[in-house]
Structures are given as C-alpha cells and as structure tokens.
Amino acid sequence: MDSKLSFKSYAVVGMMLFALFFGAGNLIFPAQLGQYAGTNVWIAIAGFLITGVGLPLLGILAIGYSKSDDLQDLSSRVHPVYGLVFTAMLYLTIGPFFALPRTGAVSYEVGVAPFIGEGNAAIGLLIFSLIFYGVSLLVSLNPTKIVDSIGKILSPAILVTLGVLLVAAFVKPMGSQEAPQPVYTSGAFFTGFTEGYNTMDALASLVFGIIVISAVRKMGVTSSKGVLMATMKSGIVASALLAIVYTGIAYLGSTSTAVLGVMETGGPVLSGASNYYFGTFGATLLAVIIILACLTTAIGLTVANAEFFHKLTPKVSYKVYVVIFSVFSLVVTNAGLSNIITYSIPVLMFLYPLAIVLIMLAFLSPLFKHAQLVYVSTIVVTFLISIIDGFKTLTSLLGVENPAWLQSVIDFYSATLPLYSNGLGWLLPAIVVIAITTMIARTKKNVKVQAAQQNS
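Residues numbered from 1 in each chain as written. Predicted model: local features only at pLDDT ≥ 70, side-chain atom pairs only at ≥ 80, totals over all residues. Heavy atoms only, no water.

An unreviewed UniProt entry annotates the protein as Branched-chain amino acid transport system carrier protein of Planococcus donghaensis MPA1U2. UniProt, in its Sequence similarities (unreviewed entry) section for the protein, records the words "Belongs to the branched chain amino acid transporter family." Of the protein, the UniProt comment under Subcellular location (unreviewed entry) reads exactly: "Cell membrane". (UniProt positions renumbered as here; feature names shortened; annotations may be inferred.)

Asks: Hey, could you run me through helix α5 (residues 80-97) in this one?
Replies: In an α-helix, one full turn covers 3.6 residues, which means residues spaced three or four apart are oriented alike. Taking 1.5 Å per residue as the helical rise, α5 with its 18 residues ought to reach 26 Å, and the 24 Å between its terminal C-alpha atoms agrees with that figure. Approximately 25° is the largest bend angle found in α5, and it occurs at Tyr-91. By the burial criterion, the buried members of α5 are Tyr-82, Gly-83, Phe-86, Thr-87, Ala-88, Leu-90, Tyr-91, Leu-92, Thr-93, Ile-94, Gly-95 and Pro-96. (Helix = DSSP H or I, 4+ residues; strand = E, 2+ residues; numbered from the N terminus. Expected span 1.5 Å × (residues − 1). Bend = angle between axes of the 7 residues up to and from the residue. Buried < 20%, exposed > 50% of the residue type's maximum accessible area, 1.4 Å probe, protein only.)

Asks: Sorry, what's going on with the nonpolar core here?
Replies: A general tendency of soluble globular proteins is for nonpolar side chains to be buried together. With 131 residues, the main nonpolar core has Phe-22, Leu-33, Phe-86 and Tyr-197 as its most contacted residues. Ranked by residues supplied to this core, first place goes to helix α14 (residues 267-312) with 17 residues. Counting residues domain by domain, this core receives three or more from each of domain 1 (7-334) and domain 2 (338-455). Excluding its chain neighbours within four sequence positions, the residues that come into contact with Leu-33 are Val-41, Ala-44, Ile-45, Phe-48, Tyr-184, Gly-192, Glu-195 and Ala-250. (Core = buried A, V, L, I, M, F, W, Y, C linked by side-chain atoms within 4.5 Å. Domains from an automatic or database assignment. Contact = heavy atoms within 4.5 Å.)

Asks: Explanation requested: the environment of Gly-266 in the structure shown.
Replies: Examined against the element boundaries, Gly-266 turns out to sit in the loop between α13 (257-260) and α14. Assessed through its relative accessible area of 1%, Gly-266 is described here as buried. Non-local contacts of Gly-266, meaning those with residues more than four positions away in its chain, are made with Ile-28, Ala-31 and Gln-32.

Asks: Help me understand the layout of surface pockets in this model?
Replies: Where empty space is left becomes clear once a probe the size of a water molecule has been rolled over the atoms. Of the voids in this model, the second largest pocket is the one considered here, and its volume is about 820 Å³. Surrounding the second largest pocket, 31 residues form its lining, Val-183, Thr-191, Thr-194, Glu-195 and Ile-345 being those nearest its centre. Listed by contribution, the elements that provide at least two residues to the lining of the second largest pocket are α2 (28-37), α9 (182-185), α10 (188-195), α16 (337-364) and α17 (372-398). Sort the elements by how many residues they give to the lining of the second largest pocket and α16 lands first, with six residues. Among the residues forming the lining of the second largest pocket, the class breakdown is 13 nonpolar, 14 polar and four charged. In terms of domain composition, the lining of the second largest pocket takes at least three residues from each of domain 1 (7-334) and domain 2 (338-455). (1 Å grid on protein atoms, 1.4 Å probe; cavity = no way out; pocket = protein on both sides within 12 Å on 5 of 7 lines; lining within 4 Å. Points joined across faces, edges and corners; volume = space filled by probe spheres on them. Nonpolar A, V, L, I, M, F, W, Y, C, P; charged D, E, K, R; others polar.)

Asks: Before we go on, may I ask you to explain the environment of Thr-296 in this structure?
Replies: Within the secondary structure layout, Thr-296 lies in helix α14. For Thr-296, a relative accessible area of 18% corresponds to the buried category. In the structure, Thr-296 is positioned 97 residues away from Thr-199 in sequence and 17 Å away in space, judged by C-alpha atoms.

Asks: Explanation requested: the environment of Leu-419 in the structure shown.
Replies: Examined against the element boundaries, Leu-419 turns out to sit in the loop between α18 (404-416) and α19 (427-455). Counting along the chain gives 392 residues from Leu-419 to Leu-27, while the straight-line C-alpha distance between them is 28 Å. Look past the residues within four positions of Leu-419 in its chain and what remains in contact with it is Phe-190, Leu-424 and Gly-425.

Asks: I tried to follow the domain arrangement of the protein on my own but got confused; where do I start?
Replies: Structurally, the protein comprises domain 1 (7-334) and domain 2 (338-455). Centre-to-centre separation of domain 1 and domain 2, based on C-alpha positions: 26 Å. At the interface, 41 residues of domain 1 touch 31 residues of domain 2. Summing both partners gives a buried area of about 3,100 Å² for domain 1 against domain 2, and 80% of it is carried by carbon and sulfur. Linking domain 1 with domain 2 are zero salt bridges. Here the side of domain 1 that touches domain 2 gets eight residues from one element, more than from any other, and that element is helix α3 (residues 41-66). Grouping the amino acids of the side of domain 1 that touches domain 2 by side-chain chemistry returns 25 nonpolar, 12 polar and four charged. (Buried area = accessible area lost by both parts, 1.4 Å probe. Salt bridge = Lys/Arg side-chain N within 4 Å of Asp/Glu carboxyl O.)

Asks: I'm lost on the packing of aromatic side chains in this one. Help?
Replies: Describing an aromatic ring pair means giving the distance of the ring centres and the angle of the ring planes. Summed over all chains, the structure comprises 26 aromatic pairs. With 5.5 Å between their ring centres and 85° between their planes, Phe-189 and Phe-190 make a pair best called edge-to-face. Residue Phe-190 is classed as partly exposed on the basis of its relative accessible area of 23%. Among the aromatic side chains, those forming a connected cluster through ring pairs are Tyr-91, Phe-308, Phe-309, Tyr-321 and Phe-325. (Phe/Tyr/Trp six-rings, centres within 6.5 Å; stacked < 30°, edge-to-face > 60°.)

Asks: Looking at this model, I keep getting lost on the packing of helix α7 (residues 121-141) against α14. Mind explaining?
Replies: For any two helices packed against each other, one specifies the inter-axial angle together with the distance between the axes. One can describe the packing of α7 onto α14 by two numbers: an axis separation of 9 Å at closest approach and a directional angle of 50°. Judged on the interaxial angle alone, α14 and α7 are oblique. For the pair α7 and α14, the crossing hand works out as right-handed. Two secondary-structure elements touch here, α7 through Phe-128, Phe-132, Val-135, Ser-136, Val-139 and Ser-140 and α14 through Ile-291, Cys-294, Leu-295, Ala-298, Ile-299, Thr-302 and Val-303. Grouping the constituent residues of the contact of α7 with α14 by class yields 10 nonpolar, three polar and no charged. (Axes fitted to C-alpha atoms, helices over the stretch in contact; angles between N-to-C directions. Parallel < 35°, antiparallel > 145°, perpendicular 65-115°, else oblique. Left-handed = near helix turned anticlockwise from the far one by under 90°.)

Asks: Would you take a moment to explain a nonpolar patch on the surface for this structure?
Replies: On the surface, a cluster of nonpolar side chains totalling about 580 Å² of accessible area is made up of Leu-373, Leu-428, Ile-431, Val-432, Ile-436, Met-439 and Ile-440. Within the secondary structure layout, Leu-373 lies in helix α17. (Patch = residues over 30% accessible without salt bridge, like charges linked within 9 Å, V, L, I, M, F, W, Y side chains within 5 Å. Areas by Shrake-Rupley, 256 points an atom, 1.4 Å probe, with all protein chains shown as cover.)

Asks: I keep staring at unusual backbone geometry and nothing clicks. Help me out?
Replies: In terms of backbone geometry, most residues other than glycine have negative phi values and most peptide bonds are trans. Although it is not a glycine, Lys-67 sits at a positive phi angle of roughly 60°. Here Lys-67 lies in the loop between α3 and α4 (71-75). A positive phi is found at Met-200, a non-glycine position, where the angle reads about 65°. Mapped onto the fold, Met-200 is located in the loop between α10 and α11 (201-218).

Quick look at the structure:
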C-alpha cells in the first residue's frame, strides 16, 4: 500500500524538479522575449509558457505514464535504432553541443562581462571559461553529494534574489512598455511558443523523468497510479514556480528597453536591471549566485552525458568522456552566448517536434494497443517536416539562399500545411496520422482476437 504523502513532500520533490529544470541559463530567454515583445509581452509569454513549462511537465508525466525505464526505452518503441540515435542526439543537445556551453557563456555574460570593458571581452571570456570548466571537470571526475547540497541552497537563493528584483520591477518599472519588434508584431503567441524551445526543458524532461519517479518511490509510493499522481502534484509545484519566474522576468524585460536599450541576449538585461535597482552590490550578488548555479548545472550535465555515453561504449571510460565534454564545451563557449543560442535554433526546430510527438504517443499508446505502426508512422511524418524546418532555419541563419530542392519542399509545405509559417506545420499531420493508424491498429487487433476465438 502506498504511503500518503504530505504537501511538504510534494513541495520537496517539486523544488528538486524546479532545480533540475531551472538552470540559470533559463533566465535569459524570458528577459529577451520581454524586450522584443514589448506591449505584446502577455501574448508572447503565454506561448512561451506552453513549451517552457507545460511541455516539460508533460514530459515528466509521459515517462511515468508509459512505465518506461528511461528515454531510450520509450523512444525504442519506434525502433531500437531510432531509440538509440534520438536519445544520443538529445543528450548531446542538452549537453556539450548547446546547453552545457551555455552555462559558461551565461555565467560570463551576467557575472563578469558587466565589470570589464568590451575591449577585454574575448580574453575575459577565455580566462573565465578556463576556470569555470576546470572546476566543473575536477568535480565531475569525482562527483559527490556536495554538488546536490549546494544546488538545494542555490535554488532558494535564486528565487529570493529574483523575487526581490521582480517585486521592484512591478512596483517601480524602469520605463513603459514600447512597441514590439517586427517578429512579435503579429503572431506573438507562436513566436513565444517556439522561443520556449530555447529552454530545452521539454527535451531534458524526458531524461529527468526517471529521477523524479525514483524520488517519489523512495518516499513509499509504489503503485503506478500513486507514482503518477505524486509526480503530477510535484510537477505542478515546479511548474507554478517556473511560470511565476518566467512571467516576472518577461515583464521586467518589457519595461527595460527605455533605460537599457534592446540587448542581443537576455544576460545584460538581468545584470543591467540589478544594477539599476540595487547598484553594484545587487549586480554582484546576482552574478555570484548565477555563476554558482550555472556551475552546478554544468557539473550535472557533464556527469549525465559521461554516464550515458560510457554506458553505450564501456571501452571508453567515464573519465575520458568527462574530459572530452569539458574541453568541447570550453571551445564552444568561446564562440559567445549569442552564437550558441543562434546555432542551437535549427537543431531545436528539428528535435522539439519529435520530442513533443513522442510525449503525445506515450499518453495515447493504450488507445492503439501500443502498436509500433502508430509510433513509426507518426514519427516518420513528423521527421519529414521538422527536418525541413531545421534546414530552413539553418540557411536563414547563414544568410544563404535555399537550394532548389529545399525551396520547392518549403513552398509545398507552406501551401498545404496549416500553421507551417508559425513553425507548427508538423502538428496537424501528426494528429491525423495518429488518428488513422490508431483505427488501423485497433481493427487489426480486433480481427486477430476474433480469429483466435474462432480457432479455439
């Protein structure tokens, strides 16, 4: 029989989940959204919260509901090779390719850059990142519970510090909200929706799900239904905290342009706002907390990736992977925060639809009796659309003309797929394919059952 958990227990797991999701890098995206959205900030943040808060919660629940051992187990329902490739790509995305280098870049942008001149930016970033990833490397080689303990202290510290800053922003805004940038003038909701991809939390949720479920089980909840309900209640606590923080930061960003100007990323917005309200002390305090929070996140991502790839290839030791990922992240970090964010977008435009569809399939799986036909068909259709979105975004970022074949496919999708111009062209086709293949799968199942009954 399941233990009955108190609200305090749900709050503890919820705070743990919040800490897992809330890498300090997530602070920069709602700040930038607020600056760009201006008077349309509330519409834009509504879209952002769906992908930045709602989807991560669903991702956690999907792992529990599907009774999968981990992400690779769930995605292998499509095919074992797909499960391996998709899981590896996801780990690399939330690891050394983008999210891990972003921890160092955000730390520098918020914690160091405001205190040194622009002329020293490149050498400052290099020196800082050498120290940052040096510490991360040393701790990741021999991870201890000290990192977890520091994380538990830092999450409340970030919340309190941000809380004071956001209250100040609401009570005494830096300025009035200005007209939105062109990208948010029309379609602000859908722009906010795709901006939420940048948090990478929906991808991370498919990895974190097992961690949360294990924590709930250790509290004495063992039944599938009990674990799912406890996970949902804890997830709601984490989601509420994330939604409050994101909304507050977006509002702060929307009122900051008159004083700070429009920034290229959200990092300078936060440091500038801290300095505006609380002077050098406030900016320094925020800097120290965010650097430490980013460092614990970096260690966690390094350890998770090294453990996963060591499990895949046992001949390469865990420590070798730690060194590889740390050095790689150091190099990528020195490309600068703006470049890291920019070049992650094509990958996220490709991966996110596949992750969202996998979450949908996990919940709908009992309806189609877990038939592989439904998984394969839906993923293939989504892949064919999202891969084009990824290429289209990449060519746009590089400022090059689309190849003829790519442009012809884009033109076809634009003319035939609803919401394609909003980055959601994959959604309706995926739903239609799920509906059709579910009917086929259920019909086949019923025919097999009837045949078995007749033969018995």
